[in-house]
Amino acid sequence: MNKVMQLFERSGAVLKGHFILTSGLHSDTYMQCAKLFEFGDISEELCKMAAEKVKKYNADVVVSPAVGAIIFGYELSKQLGIPNMFAEREKDGNFALRRGFELKKGSKVIIAENVVTTGGSVKEVIELVKGLGSEVVAVAEVVDRSGGKVDFGVPNESLLQIDVKTYSPDECPMCKAGTAAVKPGSKGLK
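Residues numbered from 1 in each chain as written. Predicted model: local features only at pLDDT ≥ 70, side-chain atom pairs only at ≥ 80, totals over all residues. Heavy atoms only, no water.

Digging into the state of the cysteines
Disulfides are covalent bonds that connect the sulfur atoms of two cysteines. The test is simple: Note on disulfides: each one is a pair of cysteine sulfur atoms within 2.5 Å.
Tallying each qualifying case throughout the model produces 0 disulfides. We note that Cys-33 lacks a disulfide partner, and the nearest cysteine sulfur, in Cys-47, lies 10 Å from it. Free of any disulfide, Cys-172 has its nearest cysteine sulfur in Cys-175, 3.8 Å distant.

This is how it looks when you write it as structure tokens:
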């Protein structure tokens, strides 16, 4: 078994049930990265592995979409020895750098994300970074749930690539069976 999957299972981060993903798709499996980052030793081990994959891109800064990827971005930047910042959604729904974070024009950026299914949040943060005059040199994620199908237009480095079946809500067999769906991510589960 893959070392990253072992860490997921050891930390209780592989959930089974009926889930609504951030993308709006439904799935019977949810990779709860927050559970991984509950443990400092696991965080450090994962991020050392991620840093090994992305150090070749010679980035100046790591930027993460809030809220789920903040810890991953922080620990990844620590392992790379570069600054870290995170983008937050404004009231209009768009990502922005707040809290005094500023990208220097021409910065080389790695986008750090926990889990990618459709890549929507990462693509939005890429556009933010480009709009601020900086260059995204790579994306790093803990889990690529797309099975390698997501294309960000830059190198994409994942620690774990899996192809978990997802369903649109109107085609979801769990919905049709009457099971209640939950949103375990940062926008749903308490």
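Describing the packing of helix 1 (residues 3–10) against helix 3 (residues 40–54)
Put simply, the rule reads: Lines are fitted to the C-alpha atoms to define the axes, a helix being fitted only along its stretch in contact, and any angle between axes, read from their N-to-C directions, falls within 0 to 180 degrees. Where helices and strands are cited, they refer to DSSP runs of H or I of at least four residues and of E of at least two residues respectively, numbered from the N terminus. Comment on the angle field: the value is read as roughly parallel under 35 degrees, roughly antiparallel over 145, roughly perpendicular from 65 to 115, and oblique elsewhere. Each helix crossing is assigned a hand: it is left-handed if the near helix lies turned anticlockwise from the far helix by less than a right angle, otherwise right-handed if that turn is clockwise. Throughout, a contact is declared for two residues whenever any of their heavy atoms are within 4.5 Å.
Close contact between helix 1 and helix 3 brings their axes to 11 Å; oriented N to C, the two are set at 160°. As judged from the angle between their axes, helix 1 and helix 3 are roughly antiparallel. Where helix 1 crosses over helix 3, the two elements pack in a sense that is left-handed. Contacts between helix 1 and helix 3 pair Lys-3, Val-4, Leu-7 and Arg-10 from the former with Asp-41, Ile-42, Glu-45, Leu-46 and Met-49 from the latter.

Things to note about the packing of helix 3 against helix 4 (residues 70–80)
What counts is decided by this rule: Charged residues are taken to be Asp, Glu, Lys and Arg, nonpolar residues to be Ala, Val, Leu, Ile, Met, Phe, Trp, Tyr, Cys and Pro, and polar residues to be all remaining types, Gly included.
At a closest axis distance of 8 Å, the pairing of helix 3 and helix 4 adopts a crossing angle of 60°. Of the possible angle classes, the one that applies to helix 3 and helix 4 is oblique. Here helix 3 and helix 4 pass one another in a crossing that is right-handed. Each of Ser-43, Glu-44, Cys-47, Lys-48, Ala-50, Ala-51 and Val-54 in helix 3 lies in contact with helix 4, whose residues at this interface are Phe-72, Glu-75, Leu-76, Gln-79 and Leu-80. Each residue belonging to the contact of helix 3 with helix 4 can be placed in one class, and the counts come to 7 nonpolar, 2 polar and 3 charged.

Keep in mind these values describe shape, not function.
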